[in-house]
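Spelled out, the chains give:
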Amino acid sequence: MEQRAWVATRKGLFELQRRGGAWAIARVSFLGEPVSMLLPPHAAAGGRMLAALNLGHFGVKVHASDDAGKTWAEVATPTYPPQPETPGPGDRAPGAEGGSVPWKLVQIWSLEARGGTVWAGTLPGGLFRSADGGASWQLVDSLWRRAERAEWFGGGYDVPGIHSICPHPTQPAELLVGISCGGAWVTRDDGISWAVQADGMRADFMPPEQAGNPNTQDPHAIVRCTARPEVLWCQHHCGIWRSGDNARSWQQVSAPVSSFGFAVAVHPQDADTAWFVPAVADQQRVPRDAALVVNRTRDGGRSFETLRAGLPQTDCYDLAYRHGLAVGADGRDLLLGSTTGGLWASDDGGDHWQALPTRLPPIHAVRFG
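Novice: Before we move on, can you summarise the sheet that holds strand 11 (residues 138-139) with the specific residues and values?
Specialist: One open sheet accounts for four strands, arranged 8-9-10-11; its pairing is antiparallel. Of all the strands in the sheet, just strand 8 (107-114) and strand 11 have a single pairing partner and so form its edges. Relative to strand 10 (residues 127-130), strand 9 (residues 117-123) is paired through four bridges, and the arrangement is antiparallel. Residue pairing for strand 10: glycine 121 is matched across the bridge by leucine 127.

Novice: Lay out a nonpolar patch on the surface in plain terms, naming residues and giving numbers.
Specialist: Where nonpolar side chains cluster on the molecular surface, the patch consists of Ile25, Val28 and Leu31 and spans about 260 Å² of accessible area. If you trace the backbone, isoleucine 25 turns up in strand 3 (residues 23-29).

Novice: If you had to explain the sheet that holds strand 26 (residues 343-346) to someone new, which residues and values would you point to?
Specialist: Ordered by their spatial adjacency, four strands build an open sheet running 24-25-26-27, and the pairing between neighbours is antiparallel. Of all the strands in the sheet, the pair left with one neighbour each is strand 24 (325-327) and strand 27 (354-355). Pairing of strand 24 with strand 25 (residues 334-337), which is carried by three bridges, proceeds in the antiparallel orientation. Bridged to valine 327 within strand 25 is leucine 334.

Novice: Kindly report on the packing of aromatic side chains, identifying the contributing residues and their values.
Specialist: Aromatic ring pairs: the centre-centre distance and the angle between the two ring planes describe each pair. Evaluation of the coordinates by the stated rule reveals twelve aromatic pairs. For the ring pair phenylalanine 153 and phenylalanine 205, a centre distance of 6.3 Å and an interplane angle of 85 degrees mean the geometry is edge-to-face. Of this pair, phenylalanine 153 sits in the loop between helix 1 (141-144) and strand 12 (161-167) while phenylalanine 205 is found in the loop between strand 15 (195-196) and strand 16 (219-224), placing the two residues 52 residues apart along the sequence. Ring centres of tryptophan 233 and phenylalanine 276 lie 5.8 Å apart, and the angle between their planes is 70 degrees; on these two criteria the pair is classed as edge-to-face. Of the two residues, tryptophan 233 is situated in strand 17 (residues 232-236) and phenylalanine 276 in strand 21 (residues 274-278); the sequence distance between them amounts to 43 residues. Residue classification places phenylalanine 276 among the buried positions, given a relative accessible area of 1%. Its guanidinium or amino end placed over the ring of tryptophan 144, arginine 149 lies 3.6 Å from that ring's centre, counting from NZ or CZ.

Novice: Any details on the pattern of salt bridges? Residues and values, ideally.
Specialist: Applying the stated criterion across every chain, the model contains 17 salt bridges. Notably, a salt bridge pairs arginine 18 with aspartate 333, separated by 2.8 Å at the nearest N-O pair. Remark: aspartate 333 occurs in the loop between strand 24 and strand 25 and arginine 18 occurs in strand 2 (residues 12-19); sequence separation between them is 315 residues. With respect to burial, arginine 18 and aspartate 333 carry one shared label: buried. Glutamate 148 is the partner of arginine 146 in a salt bridge, and the nearest nitrogen-oxygen pair spans 2.8 Å. One network of salt bridges, with partners in common, ties together Arg296, Arg298, Glu305 and Asp351.

Novice: Pulling in residues and values, what's your account of the pairing of strand 1 (residues 2-9)?
Specialist: Where strand 1 meets strand 2, eight bridges bridge the pair, whose relative direction is antiparallel. Bridge assignment links alanine 5 to a residue of strand 2, and that residue is leucine 16. Where strand 1 folds back onto strand 2 in an antiparallel hairpin, the turn is made up of two residues. Note that strand 1 and strand 28 (residues 363-368) share five bridges and pair antiparallel. Bridging from a neighbouring strand, valine 7 pairs with valine 366 of strand 28.

Parameters and conventions
- Within each chain, residue numbers correspond to sequence positions counted from 1 in written order.
- A pLDDT threshold of at least 70 governs which residues receive local features in this predicted model, and a stricter bar of 80 or more applies before side-chain atom pairs are shown or counted, although totals over entire chains, interfaces and linings include all residues.
- For side-chain calculations, the full set of non-hydrogen atoms in the structure is used, while hydrogens and water are omitted.
- Here, strands pair whenever DSSP counts at least two bridges between them.
- A run of H or I in DSSP becomes a helix once it reaches four residues, and a run of E becomes a strand once it reaches two; helices and strands are each numbered from the N terminus.
- Each patch is built from salt-bridge-free residues with over 30% relative accessible area, joining like charges within 9 Å and nonpolar side chains (Val, Leu, Ile, Met, Phe, Trp, Tyr) within 5 Å.
- Residue-level accessible areas treat just the shown protein chains as cover; the underlying method is Shrake-Rupley with a 1.4 Å probe.
- Salt bridge, as applied in this entry: a Lys or Arg side-chain nitrogen positioned within 4 Å of an Asp or Glu carboxyl oxygen.
- Only the six-membered ring of Trp is used, alongside the rings of Phe and Tyr, when aromatic pairs are assigned; centres must lie within 6.5 Å, and planes under 30 degrees apart are stacked while those over 60 apart are edge-to-face, with the rest tilted.
- A simple rule labels every residue: compare its accessible area, found with a 1.4 Å probe on the protein chains alone, to the largest value its type can have, and call it buried under 20%, exposed over 50%, or partly exposed in between.
- Only when the NZ atom of a Lys or the CZ atom of an Arg is both within 6 Å of the ring centre and within 35 degrees of the ring normal do we say a charge sits over the ring.

This is the structure we're talking about:
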């Protein structure tokens, strides 16, 4: 049976195919151009595939494919409305130059689809939606206009960004987004209203009296279990958190090697199984002891296994960013991509890994078809 996956990199979009055994590169699109995120062919988008490009001087562009990546055509790009001359309540944000966040698209950081809607999360913290597969986009004004946006700030970038979009598989009006740095925000009425739901998370980089503020948390990535959507996992700047009540509260868990990292994946059928890629710390973004490992829990975070077989264990300085780890629909296939172009695959839930022989450009995201 043929399987497909895509790897978005700093210098192109690489399609992988697997027939029986090993993965191999089958097609390259946008060679030499930075692809920040992709949406694989998705039924909610009519089978359409999207790729977000960040072309620097030429700005952000979006391309669409209706034949699984064989051909591409440019479509609309999310566009912010004109910025009022008088700043609104959320425009004077900390960390931005001059104390103000320009209403200008910097990057598309996440793409997801659900129920005929495609969602795009962006820097500087705006959420966009499209009902026509990217032919047009609308800013979700109800989230952008929240006064709490004044507290958001950049986590690794100069401005805040929406990196995680978690639709609810059975509740079409419900959506959770993760923001660096702005916590986790939830709507249950299709975007009419929003509430921050990061209670229990703790930001140790903040002053003690602000460490528990839900609106200043830095979740590096948030994922939802498809079969048990009330369970979410979060790789946070300051550790790992799990929610079993649909983000109403979060509980911290401890992992071996390190609880710092960027990537997280959850088994689509087993909410107690999740994978993480640890690094030393924010100030030292490399694997501990120069050995790349994956931490896996199969009991909801009560215990962890550290998986090493097939991963480089000496002189390795690869780091996996937020979207550098993906799990397939069967819960056994995994792909792990690094910022130095390393790519590894597992077909047994992470027990064993195999490196793809091709050295790729720095990897922004990996997605299964």
